[in-house]
Amino acid sequence: MSDPRLAEDVPTGAFGGPRPEPRVEPWTKAEQARHRADLNAALRGWRDESESARRDRERHWPPRTAPRAA
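Residues numbered from 1 in each chain as written. Predicted model: local features only at pLDDT ≥ 70, side-chain atom pairs only at ≥ 80, totals over all residues. Heavy atoms only, no water.

### Observations regarding the overall build of the protein chain
Consideration 1: Check the secondary structure of the protein chain and you find two helices and zero strands.
Consideration 2: Across the 70 residues in the protein chain, those meeting the buried criterion constitute 3%. (Helix = DSSP H or I, 4+ residues; strand = E, 2+ residues; numbered from the N terminus. Buried < 20%, exposed > 50% of the residue type's maximum accessible area, 1.4 Å probe, protein only.)

### Overview of the environment of Asp 56
Consideration 1: Here Asp 56 shows up in helix H2 (residues 51-60).
Consideration 2: For Asp 56, the side chain forms a polar contact with the side chain of Arg 59, separated by 2.3 Å. (Polar contact = N/O pair within 3.5 Å; in protein donor to acceptor, adjacent residues only side chain to side chain.)

### Side note on helix H1 (residues 29-43)
Consideration 1: For H1, with 15 residues, the first-to-last C-alpha span of 21 Å sits near the 21 Å given by 1.5 Å per residue.
Consideration 2: Of the residues one or two after H1, Gly 45 is the one with positive phi, at around 85 degrees. (Expected span 1.5 Å × (residues − 1).)

### A closer look at the pattern of salt bridges
Consideration 1: Counted according to the given criterion, the structure contains seven salt bridges.
Consideration 2: In this structure, the salt-bridge partner of Glu 49 is Arg 47, at a minimum N-O distance of 3.5 Å.
Consideration 3: Between Arg 57 and Glu 49 there is a salt bridge, with its nearest N and O atoms 4.0 Å apart.
Consideration 4: A single network of salt bridges, built from pairs that share partners, joins Glu 51, Arg 54, Arg 55 and Glu 58. (Salt bridge = Lys/Arg side-chain N within 4 Å of Asp/Glu carboxyl O.)

### Structural notes on the environment of Trp 27
Consideration 1: The residue Trp 27 is located in the segment before H1 in this model.
Consideration 2: The class for Trp 27 is partly exposed, based on a relative accessible area of 44%.
Consideration 3: What Trp 27 contacts, discounting residues up to four positions off in sequence, is Gln 32 and His 35. (Contact = heavy atoms within 4.5 Å.)

Shown next as structure tokens:
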């Protein structure tokens, strides 16, 4: 029995047709490395100043250097 509220009887992820072929060629390893370097450079020095981030920093930093007692 089909539920009229659903787009298809059994979800297949196709939503009525096959997925289109990807139009973008996969990145080369050099392109990936350059993109990663650009992202790292953009994030270097960034700091979230929200209240929840401040609480997390207080709870987790500095990281523990001594092992916990067993």
